[in-house]
Amino acid sequence: MFDNIERTNIQELGEFGLIKHLTQNIKLKQPSSLKGVGDDAAVLDPAGKKVLVSTDMLLEGIHFDLAYTPLKHLGYKAIQVNLSDIYAMNGIATQVTVSLGLSSKFSLEAVEELYEGMYIACEKYNVDIIGGDTTSSKQGLVISVTSIGYADEKDIVYRNTAEEGDLICVSGDLGGAYMGLQLLEREKLVYLENPNIQPDLEGKDYIVERQLKPEARRDIVELLKDIDVKPTAMIDVSDGLASEILHICKQSDKGCNIYEEKIPLDPMTYETAREFNLDPTVCALSGGEDYELLFTVKQADYNKIKFKMDFTIIGHITEASAGCNLVSKTGNVHALTAQGWNAFKN
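All figures in this text were calculated on a predicted structure; none of them were measured in a lab.

1. Some thoughts on the environment of Tyr178
Note that Tyr178 resides in helix α4 (residues 176–193). Taking the C-alpha atoms as reference points, Tyr178 and Ile207, separated by 29 residues in sequence, lie 8.1 Å from one another. Residues within four places of Tyr178 in sequence aside, it is in contact with Leu278, Cys283, Gly287 and Gly288.

Here it is, written out as structure tokens:
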């Protein structure tokens, strides 16, 4: 991955030279970005709105594997997973800061490739890169992105405001990113055993892209506004459907019923799960990294959302004493448990 025909050692530029090189062509687009890269701090103007801020770190060997993750895709994903947190508050992301910890194996060309993916994501979502930092790392590549967005106070949606009887909705489909990861991990093992065997990803483009190049769902925030529906609670699906709905229920002091037959699964996700002898429903419940939006709406809004193809009604909120349950296709009721990814699990 790093065997570039041309290889420039980062040490030749130094920290400030590297930052200048990577950011010299940035053009600010957001009216709220008064001053970006080039001073001690960025200057932003919220123009009467509330400011939303979220930060995520991605660590090599923990959150990504460079054996099968192209640097351009990694840069794109690093931005997307942070924008998703702003959309999960019903806001619109406008700026990001990017900080990198770089090991000696990274050439300038490799870092340029990483940044190219970031710039593509920012251009697509109309987001400004307004600052950041770089430092050396002895633990591999470290990426830290802080996303900033804005919303009117009346529009902000939290996790702790779901009400009994609310409908539970989710955008897109679930489990695809997890199955993409399983496929990439399998092909990596095959390659390590025999480097002459080429990866077999034919026909699996969708789930591979769901893992390597996720898309934050700004469009759902815009759609809900267009149809005049404000969610009562919302969260993004980063750790799996079960984990996320349990967050909403716990913080809202409510229960829920999720119906297995309603959980949206792409046919490729379903078929690949079966190939791996995995239960597709479990993959959707516990897989994570789909970055879809999970939200609740009032029953009174049902007629506004029932024909929308962008999301699916998968259940409803109940009183806390009823517990959090999955109703199977056969009508059996099972307690929902969070088996998603744990950042501190050994």
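Next comes the rest of the write-up.
2. Comments concerning the packing of helix α5 (residues 205–212) against helix α8 (residues 267–275)
Any two packed helices are characterised by how steeply their axes cross, that is the angle between the axes, and by the distance between the axes. Taken N-terminus to C-terminus, the directions of α5 and α8 make an angle of 95 degrees; their axes are 9 Å apart at the nearest point. Taken together, the axes of α5 and α8 are roughly perpendicular relative to one another. Taken together, the residues of α8 that come into contact with α5 (itself represented by Asp205, Tyr206 and Ile207) are Met268, Thr269 and Thr272. Grouping the constituent residues of the contact of α5 with α8 by class yields three nonpolar, two polar and one charged.

3. Considerations on the packing of helix α2 (residues 71–87) against helix α3 (residues 108–124)
For the pair α2 and α3, interaxial distance at closest approach is 7 Å and the crossing angle is 45 degrees. One way to sum up the angle between α2 and α3 is to call them oblique. The handedness of the crossing between α2 and α3 is right-handed. Between α2 and α3, the contacting residues are Leu71, Lys72, Leu74, Gly75, Tyr76, Ala78, Ile79 and Gln80 on the first element and Ala110, Glu113, Leu114, Glu116, Gly117, Met118, Ile120, Ala121, Cys122 and Lys124 on the second. In terms of residue class, the contact of α2 with α3 is built from eleven nonpolar, three polar and four charged.

4. Digging into the sheet that holds strand β13 (residues 333–335)
The strand order across the open sheet formed by seven strands is β8-β10-β7-β11-β9-β12-β13, and the pairing between neighbours is mixed. Edge positions in the sheet fall to β8 (233–236) and β13, since each has one partner strand and no second. The sheet shows a mean angle of 25 degrees between the axes of neighbouring strands, taken without regard to direction. The sheet contact formed by strand β12 (residues 324–327) and β13 spans three bridges and is antiparallel. Residue pairing in the sheet places Asn325 in a bridge with Ala335 of β13. In the packing of helix α6 (residues 218–226) onto the sheet, the strands contacted are β7 (167–171), β10 (293–297) and β11 (311–319), and the crossing angle to β10 comes to about 20 degrees.

About the criteria used
- For every chain, the first residue of the written sequence is number 1, and numbering continues from 1 along that sequence.
- Whole-chain, interface and lining totals are the exception, using all residues; otherwise, since this is a predicted model, local features are given only for residues with pLDDT of at least 70 and side-chain atom pairs are given and counted only at 80 or more.
- To obtain the side-chain values, all non-hydrogen atoms of the structure were included, while hydrogens and water were left out.
- Counting from the N terminus, the helices are DSSP H or I runs at least four residues long and the strands are E runs at least two residues long.
- Contact criterion: two residues are considered in contact whenever any of their non-hydrogen atoms come within 4.5 Å of each other.
- Axis lines are fitted through C-alpha atoms, for helices just across the contact stretch, and the angle between N-to-C directions can take any value from 0 to 180 degrees.
- Roughly parallel means an angle under 35 degrees; roughly antiparallel, over 145; roughly perpendicular, 65 to 115; everything else is oblique.
- Asp, Glu, Lys and Arg are counted as charged, while Ala, Val, Leu, Ile, Met, Phe, Trp, Tyr, Cys and Pro are counted as nonpolar; the rest, among them Gly, fall into the polar class.
- Crossings are assigned a handedness: left-handed for a near helix turned anticlockwise from the far helix by less than a right angle, right-handed for a clockwise turn.
- Paired strands are those between which DSSP finds at least two bridges.

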